[in-house]
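# Descriptive structure summary
Spelled out, the chains give:
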Amino acid sequence: NIAKSAKLAARLEDVEQRLTATATDEAKELAAMKADIKEVRERSAKEEAAYQRVQADFDDLRQSTADAFSVGAALQVRYGSLVDRFEQLEAVGGQSAERLEQDLEKVQKASAQLLAQVRDQEALADDLAEQVKHIRSNMDQTFD
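To start, this report covers the structure provided alongside it. Just so you know, these numbers come straight off a predicted model, no measurement behind them.

Turning next to the overall build of the protein. Along its length, the protein carries one helix and zero strands. For a compact globule of 144 residues, the expected C-alpha radius of gyration is about 15 Å, and the protein comes in at 60 Å, more than 25% above that figure. Along the first, second and third principal axes, the C-alpha atoms of the protein reach 200 × 25 × 10 Å. Burial status across the protein gives 0% buried among its 144 residues.

A grouping of Glu122, Asp126, Asp127 and Glu130 is seen on the molecular surface, where their side chains present a negatively charged patch. With respect to the helices and strands, the residue Glu122 is situated in helix H1 (residues 2-143).

The full count for this structure, using the stated rule, is three salt bridges. For the salt bridge of Asp14 with Arg18, the shortest nitrogen-to-oxygen distance reads 3.0 Å. Taken together, the residues Asp14 and Arg18, both in helix H1 and four residues apart, mark about one turn of the helix. With a shortest N-O distance of 3.1 Å, Glu39 and Arg43 are connected by a salt bridge. Taken together, the residues Glu39 and Arg43, both in helix H1 and four residues apart, mark about one turn of the helix. Assessed through its relative accessible area of 43%, Arg43 is described here as partly exposed.

A grouping of Leu30, Met33 and Ile37 is seen on the molecular surface, where their side chains present a nonpolar patch of about 290 Å² in accessible area. Tracing the chain through its elements places Leu30 in helix H1. Under the relative-accessibility criterion, Leu30 is labelled partly exposed at 45%.

So, how was this worked out
Residues numbered from 1 in each chain as written. Predicted model: local features only at pLDDT ≥ 70, side-chain atom pairs only at ≥ 80, totals over all residues. Heavy atoms only, no water. Helix = DSSP H or I, 4+ residues; strand = E, 2+ residues; numbered from the N terminus. Rg over C-alpha atoms; globule rule 2.2 N^0.38 Å. Buried < 20%, exposed > 50% of the residue type's maximum accessible area, 1.4 Å probe, protein only. Patch = residues over 30% accessible without salt bridge, like charges linked within 9 Å, V, L, I, M, F, W, Y side chains within 5 Å. Areas by Shrake-Rupley, 256 points an atom, 1.4 Å probe, with all protein chains shown as cover. Salt bridge = Lys/Arg side-chain N within 4 Å of Asp/Glu carboxyl O. Lys, Arg positive; Asp, Glu negative; His and termini not counted. Charge placed at Lys NZ, Arg CZ, Asp CG, Glu CD.

This is the structure we're talking about:
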């Protein structure tokens, strides 16, 4: 019995050592798994932070794009109103040019008429001067 007990004790000790070795190996594996999980969580947190930065940049880009479209639309409206105003000014300018041409024609006609009247007046003055000359000549002859 003693031999059996010693044999069982040796077997028991062997099983205990194997269990201890297995437990130690499993504890090491568990520690390695915990380290891997910690590393994955840290990497995940970094990736989440990077994702949040990319999302913020994307939101900024979307807002900038919307702002650019708003500015573009406002510029397009402003350009349209400037084109309309230019066309109005061009039309008014064209009308003004036509009026100026008409006024110039009237002034030219009036100037031509005045020039004709001045020439007529000069001719009348020349005729009157001639008549005055004849009258003086006749008066001089009469008094002589």
